[in-house]
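Commentary on secondary and tertiary structure
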Amino acid sequence: MSRKECVALYGGRLMHGGGTVESVLALGLDRHPDYVASDGGSTDPGPYYLGSGKVMTHRSGLESTVRALLRGARSKRVPLLMGSVGIAGARPQVEYFEDLVREVAREEGLHFRLAVIQSEMEKRYLEKQLEAGRIRSFDGSPPLTAGDVDRASHVVAMMGPEPMIAALEGGADVVIAGRCSDSALFASYPLMKGFPPGLCWHMAKTIECNVLIAEVPKGQRSDIFARISADDFVVAPTNELARCPRVKVAAHTLYENPSPVELHEPGGMIDTRRAAYEQLDERSVRVTGSAWVPAPVYTVKLEGAELVGYRTIFIAGIRDPILIGQLDAFLERVRDAVTADARTQGLPPDFQLRFSAYGRDAVMGELEPTKALPHEVGLLGECIAPTQETADAIMNIAHGVALHGDYPGRMAIAGNMAYPFSPCDIPAGPVYRFSVWHLMEIDDPLALFPITYAEL
Amino acid sequence: VKLRELAKVIRTKNAGARLLTIDVMFDDAAPYDLVKASGVLSRELFARLYRAPLERVSVIDYPPAMAIKCTLPRLVQAGDPGDSDVYGCQQHGPLMDLDVPD
């Protein structure tokens with residue numbers, strides 16, 4: 001090991017609107033980080049971004065963050081890693097990010113070596129892996145078929161730390177990575193420097209959601225930094241006014257994970273059974289004892305999405321107690337009437353029409369245990385059809401039928417739906433679903449993720 | 001007594017697109033121990049509330065965070081047509097009003 005300690009900084013915000021305040025980032029840069037990393041990805045926002053290749057965070061928010069990170073990391077001459085860019089790490093999102101980084105670098109007059117790591121999988125390669133029996137179900141997903149691979153608009157593999165280590169060893173000052181494990185992004189630098197893998201990975205997992213492990217006073221902002229050594233790691237918020245309670249650090253192993261003691265990552269598992277969390281002062285927590293258990297066969301997670309159709313919606317309010325008392329039966333008749341009208345108009349029959357009664361059971365659906373009737377319902381009408389044209393046509397029929405349809409005991413004969421907008425139908429565009437959610441065995445965790453370099 | 005009067009955090013969230021994970025966290029050992037000892041937060045309870053096959057429901061006590069964690073399959077994959085909660089973050093309501101015998 002070349003040095004006794006290494007300091008990691010989570011800097012900037014690439015998700016949820018983005019936007020980074022340079023004075024907040026500076027609090028972290030003042031901690032003398034050896035590298036700065038920022039995670040831009042998640043599958044939580046759903047399949048649309050992977051399917052469409054569109055970037056989730058608005059350009060204004062991303063640009064502010066990329067500018068602050070590039071200026072900050074370059075001023076300290078430390079590597080900057082940005083992972084799972086664009087939310088899904090699909091090829092168009094990586095390209096979008098590369099363009100953004102080049103543009104900001106040009107504007108700021110910054111010069112550095114850029115590495116771009118792609119994570120999108122070629123379909124022919126996936127077909128071969130499928131035939132070789134090297135792709136298996138994950139979290140109960142149905143077995144992958146050649147048709148799934150063929151229909152997917154983008155399939156990415158979640159990289160481990162190896163490609164990012166290779167990029168850093170290749171002299172990269174700035175790394176743009178496609179889909180990568182959040183933890184691998186933060187673990188790659190200390191792993192490269194030879195710190196114990198168990199501590200590197202657990203440290204990385206601890207800081208991957210930035211200040212989620214801290215308590216930041218109202219009106220203040222903070223990032224998280226971590227100091228790792230051969231024996232332990234210590235995490236703390238960069239803002240002196242923020243605190244970091246031990247229990248929150250321990251609790252982060254629960255976050256968005258099936259198990260807090262076995263955290264599966266590309267190539268292995270973080271075992272936190274023997275991890276000890278020690279409150280050093282109210283701002284810092286020391287962690288020891290975490291282990292890394294390499295997997296016998298290296299697997300990466302595959303994520304892919306396919307187009308389902310196109311969506312049109314309406315939103316309507318209902319404040320009529322007579323209608324609310326028989327809403328399901330009414331909506332069933334609406335559905336039948338829409339289907340009949342659609343057939344008369346010669347519209348294709350392969351559409352889905354769905355109603356959700358907000359205020360009653362829309363959020364939990366069939367899991368909703370509360371049966372009390374509300375005084376008001378927000379009705380969401382939704383059609384998904386093979387074309388936008390069909391979805392629009394179906395909802396055009398549906399809004400009329402819902403507005404004027406009859407029902408037993410009807411007194412309010414002027415209209416059933418309080419539509420808040422004109423027009424009431426809202427085309428919502430393409431709909432995707434996760435169609436690939438699998439594990440793939442690989443021989444080489446590096447070869448799968450091509451790296452290209454550029455001197456800016 | 002209701003679970004929400006004992007716990008500090010009651011949350012649900014996706015653990016990937018196919019699983020829902022439920023965390024009940026406490027900020028004091030006394031209510032944590034009370035809830036654990038009551039046995040209310042059992043695999044059977046979660047299986048029933050979330051209509052999951054019992055063999056796919058895991059419940060883990062995690063003392064370092066004073067937490068009880070349950071993970072189970074979602075009825076609908078996140079973001080699929082018919083899913084109502086893409087992030088899976090609003091499926092906790094009924095747990096809040098769960099009665100814990102004291």
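**Considering the overall build of chain B**
Looking only at helices and strands, chain B features 4 helices and 4 strands. Reading chain B from its N terminus to its C terminus gives the helix and strand order α-β-β-α-α-β-β-α. The C-alpha atoms of chain B give a radius of gyration of 13 Å, which matches the 13 Å a tight globule of 102 residues would have. Each principal axis of the C-alpha atoms in chain B carries an extent, and together these give about 45 × 25 × 25 Å. Counting the 102 residues in chain B, one finds 55% classified as buried. Summing over all exposed atoms, chain B offers an accessible surface of approximately 4,300 Å²; the carbon and sulfur share of this is 52%. Charged side chains in chain B number 13 positive and 14 negative. The centres of these two groups are separated by 6 Å.

**Quick notes on the sheet that holds strand β10 (residues 262-265) of chain A**
Residue and element names in this part refer to chain A. Spatial strand order, β10-β11-β14: 3 strands in an open sheet with antiparallel pairing. Two strands bound the open sheet, and with one partner strand each, they are β10 and β14 (291-294). Across the sheet, the axes of successive neighbouring strands diverge by a mean angle of 25 degrees, strand direction being ignored. Where strand β11 (residues 268-271) and β14 come together, 4 bridges link them in antiparallel fashion. Bridge assignment links Ile270 to a residue of β14, and that residue is Trp292. Those strands touched by helix α9 (residues 197-207) are β10, β11 and β14, and its axis lies near 105 degrees from that of β14.

**Focus on the sheet that holds strand β1 (residues 9-14) of chain B**
Residue and element names in this part refer to chain B. Here 4 strands make up an open sheet; going across it, the order is β1-β2-β4-β3 and the pairing antiparallel. The sheet is open, and its two borders are formed by β1 and β3 (58-62), each paired with just one other strand. Strand-to-strand twist of the sheet, defined as the mean angle between neighbouring strand axes without regard to direction, takes the value 15 degrees. Bridge count between strand β2 (residues 19-25) and strand β4 (residues 67-73): 7 bridges; the pairing is antiparallel. When the sheet's bridge partners are listed, Asp23 is paired in β4 with Lys69. Lying on the sheet, helix α2 (residues 29-38) is in contact with β3 and β4; it crosses β4 at an angle near 45 degrees.

**Let's talk about helix α5 (residues 123-131) of chain A**
Residue and element names in this part refer to chain A. Here α5 has its buried residues at Leu126, Gln129 and Leu130. Here the buried residues of α5 occupy an arc of 100 degrees about the axis, which is enough to place them on one side. Across from the buried face of α5, at angles greater than 90 degrees, the exposed residues are Arg124, Lys128 and Glu131. Looking at the buried side of α5, the elements it contacts are β5 (135-137), α6 (146-151), β6 (152-157), β15 (299-318) and β18 (425-441). Two residues or fewer past α5, Gly133 is found with a positive phi of approximately 70 degrees.

**Looking at the packing of helix α7 (residues 162-169) of chain A against helix α8 (residues 182-192) of chain A**
Residues and elements named next belong to chain A. Two numbers describe how α7 lies on α8: the axes approach to 8 Å, and their chain directions differ by 50 degrees. Relative to α8, the element α7 lies oblique. The crossing of α7 and α8 is right-handed. Residues Met164, Ile165, Leu168 and Glu169 of α7 form the contact with α8, whose participating residues are Ala184, Leu185, Ser188, Tyr189, Leu191 and Met192. Across the contact of α7 with α8, the residue classes break down as 8 nonpolar, 1 polar and 1 charged.

**Looking at the interface of chain B and chain A**
Taken together, the contact pairs 35 residues of chain B with 42 residues of chain A. Roughly 3,200 Å² is buried in total at the junction of chain B and chain A, and carbon and sulfur atoms are behind 60% of that figure. Three residues, Arg18, Tyr62 and Pro81 of chain B, lead the burial of chain B against chain A; their summed loss comes to 20% of the area buried on that side. For Arg433 of chain A, the salt bridge goes to Asp80 of chain B, with nearest N and O atoms at 3.3 Å. Joining chain B to chain A, the criterion identifies 17 residue pairs in polar contact (both at pLDDT 80 or more). Secondary structure elements with two or more residues in the side of chain B that touches chain A: β1, β2, β3 and β4 of chain B. Considering each element in turn, the side of chain B that touches chain A owes the most residues, 4 residues, to β2 of chain B. Taken together, the residues that form the side of chain B that touches chain A break down as 17 nonpolar, 10 polar and 8 charged.

Conventions adopted
Residues numbered from 1 in each chain as written. Chains lettered and ligands numbered in written order. Predicted model: local features only at pLDDT ≥ 70, side-chain atom pairs only at ≥ 80, totals over all residues. Heavy atoms only, no water. Helix = DSSP H or I, 4+ residues; strand = E, 2+ residues; numbered from the N terminus. Rg over C-alpha atoms; globule rule 2.2 N^0.38 Å. Buried < 20%, exposed > 50% of the residue type's maximum accessible area, 1.4 Å probe, protein only. Areas by Shrake-Rupley, 256 points an atom, 1.4 Å probe, with all protein chains shown as cover. Lys, Arg positive; Asp, Glu negative; His and termini not counted. Charge placed at Lys NZ, Arg CZ, Asp CG, Glu CD. Pairing = 2+ DSSP bridges. Axes fitted to C-alpha atoms, helices over the stretch in contact; angles between N-to-C directions. Contact = heavy atoms within 4.5 Å. Arc of directions from axis to C-beta. Parallel < 35°, antiparallel > 145°, perpendicular 65-115°, else oblique. Left-handed = near helix turned anticlockwise from the far one by under 90°. Nonpolar A, V, L, I, M, F, W, Y, C, P; charged D, E, K, R; others polar. Buried area = accessible area lost by both parts, 1.4 Å probe. Salt bridge = Lys/Arg side-chain N within 4 Å of Asp/Glu carboxyl O. Polar contact = N/O pair within 3.5 Å; in protein donor to acceptor, adjacent residues only side chain to side chain.

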